[in-house]
Amino acid sequence: MIYFRSLVIVFLSAIVASCVAPSAGRTVGTEPRVETAAPRYNVPQPQRPQTIKPQNQPDPALVREIADLWRSFPGTTGIAVQSIDSGWTIGHRADESFPQQSVSKLWVAMTVLDKVDQGLISLSDPIRIGPDDLTLFYQPMAAEVKRQGTVIKTVYTLLEKALAHSDNTANDVLLHHAGGPSAVNAFIQRQQLGKVKFGPGERLLQSRIAGLEWKQDLSQGRKFYSARASLPIETRKQALANYLADPMDGASPGAIVHALSRLAKGELLSANSTQVLQSILKRTRSGPNRLKAGVPADWEFLHKTGTGQVLGAVSTGYNDVGIMTAPDGSRYAVAVMLGDTTAPIPQRMQLMQSVTRAVARYHRR
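Residues numbered from 1 in each chain as written. Predicted model: local features only at pLDDT ≥ 70, side-chain atom pairs only at ≥ 80, totals over all residues. Heavy atoms only, no water.

1. Things to note about the pairing of strand 9 (residues 314-325)
Part 1 of the argument: Extensive coverage of strand 9 is indicated by the burial of 11 of its 12 residues.
Part 2 of the argument: Two strands pair when backbone bridges link them, and strand 7 (residues 300-306) and strand 9 are joined in this way by seven bridges, in the antiparallel orientation. From the neighbouring strand, Phe 301 faces strand 9, where its bridge partner is Met 324.
Part 3 of the argument: Here strand 8 (residues 310-311) pairs with strand 9 via two bridges, running antiparallel. Across the sheet, residue Val 310 finds its bridge partner in strand 9, namely Ser 315.
Part 4 of the argument: Taking the residues between adjacent antiparallel strands as the criterion, strand 8 and strand 9 are bridged by two residues, where Gly 312 takes a positive phi near 65°.
Part 5 of the argument: Two strands pair when backbone bridges link them, and strand 9 and strand 10 (residues 331-341) are joined in this way by 10 bridges, in the antiparallel orientation. (Buried < 20%, exposed > 50% of the residue type's maximum accessible area, 1.4 Å probe, protein only. Helix = DSSP H or I, 4+ residues; strand = E, 2+ residues; numbered from the N terminus. Pairing = 2+ DSSP bridges.)

What follows is the structure in structure tokens.
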């Protein structure tokens, strides 16, 4: 009897050991790594939390609040909010064209990354930048060029500078490397992004808005500002009115949120390029008090701002567009675009903050 009991114990111990022993040579919980042509720029793929069951329609109270915000703000205002996961959209003047200004850097970056996906461009491509490549307005790289004469930056570095830092020279250099405005507009049309146009590039765009003819020496110091200030005020007013009536870089808020939704869902670029772009946009430094200031701290937010020229009391092309992600993984694309307004900067920021704050508040209901 004792012998039989010992056999049973030995037999059961063997079964238990076979169940808990790990398989030889197998690593538990690892996933394949996505590689690019330039591995050091590879961005890890984050695990997005499981979303809650999406609503097919927006909360009526959210619709009313967005309408009240739009109605009460002074100026030509476009607002669009789209639920990326369920597809509903709230919009006011959402189908009208607004000046994009630096929001259009998004399309340059997407065109570049699309060419990376095709193997035509590498993120590690070195690009030489000299005085003839400088543009105007915000361009921190101009100081480097002035000190060194010529600098060399990779495509990835230029993407970071153009998007996260909104450097105009970085963007124009990338634009040229991608094939110019025609290549960007071809990407927009091929992807059927709708009411989105890309203009002639920063130098020609801003000089035409001001009523000037571009000359490269205007990129030096404050020469552009001096030349613009010397123009008759009527010339400037007419040039600005022409631009606002039919923006060379015009896009509708509705088309932008739809494009951002497609980007988030991986429909415009490869998985790796999508992650590269989104990771840079999360590090955007411009406009911390625009849409971003209304996004709760436990939400994720990526965005791109735009700021146009000012004439007298009128500010133009004051924008912010982005993607906000709730802790449960639900995502919303948001665009607030001010074509022209006399509202002071704090009031413009308050409008933008109120939109993202409302989206987050009604999501939690």
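2. A few points about helix 8 (residues 202-210)
Part 1 of the argument: Taken as a whole, helix 8 has its buried residues at Glu 202, Leu 205, Gln 206, Ser 207, Ile 209 and Ala 210.
Part 2 of the argument: Those residues of helix 8 that are buried are in contact with helix 3 (105-117), helix 6 (168-178), helix 9 (223-229) and helix 10 (233-245).
Part 3 of the argument: Count one or two residues on from helix 8 and you reach Gly 211, which has phi positive near 90°. (Contact = heavy atoms within 4.5 Å.)

3. Considerations on the packing of aromatic side chains
Part 1 of the argument: According to the stated counting rule, one finds five aromatic pairs in the structure shown.
Part 2 of the argument: Ring centres of Trp 88 and Tyr 332 lie 6.0 Å apart, and the angle between their planes is 50°; on these two criteria the pair is classed as tilted. Taken together, the positions of Trp 88 in the loop between strand 1 (76-83) and strand 2 (89-92) and Tyr 332 in strand 10 put the pair 244 residues apart, joining distant regions of the chain.
Part 3 of the argument: Relative accessible area serves as the criterion here: at 10%, Trp 88 is assigned to the buried category.
Part 4 of the argument: Note on Tyr 332: relative accessible area 8%, which makes it buried.
Part 5 of the argument: An angle of 25° between the planes, with centres 6.3 Å apart, marks the rings of Trp 299 and Tyr 332 as stacked. Taken together, the positions of Trp 299 in the loop between helix 12 (271-281) and strand 7 and Tyr 332 in strand 10 put the pair 33 residues apart, joining distant regions of the chain. (Phe/Tyr/Trp six-rings, centres within 6.5 Å; stacked < 30°, edge-to-face > 60°.)

4. A closer look at the packing of helix 3 against helix 12
Part 1 of the argument: At a minimum axis distance of 10 Å, the contact between helix 3 and helix 12 shows a crossing angle of 150°. When the axes of helix 3 and helix 12 are compared, the pair comes out roughly antiparallel. Considering only the axes of helix 3 and helix 12, their crossing is right-handed. Together, Leu 106, Ala 109, Met 110, Leu 113 and Asp 117 of helix 3 and Ser 273, Val 276, Leu 277 and Leu 281 of helix 12 make up the contact between the two elements.
Part 2 of the argument: The residue makeup of the contact of helix 3 with helix 12, split by class, is seven nonpolar, one polar and one charged. (Axes fitted to C-alpha atoms, helices over the stretch in contact; angles between N-to-C directions. Parallel < 35°, antiparallel > 145°, perpendicular 65-115°, else oblique. Left-handed = near helix turned anticlockwise from the far one by under 90°. Nonpolar A, V, L, I, M, F, W, Y, C, P; charged D, E, K, R; others polar.)

5. A word on the pairing of strand 4 (residues 126-129)
Part 1 of the argument: Side chains Ile 127 and Ile 129 project from strand 4 onto a buried face, and the interleaved Pro 126 and Arg 128 project onto a face without burial.
Part 2 of the argument: Bridge analysis of strand 4 against strand 5 (residues 151-154) gives four bridges, and the strand direction is antiparallel. Bridging across to strand 5, Ile 127 finds its partner in Lys 153.

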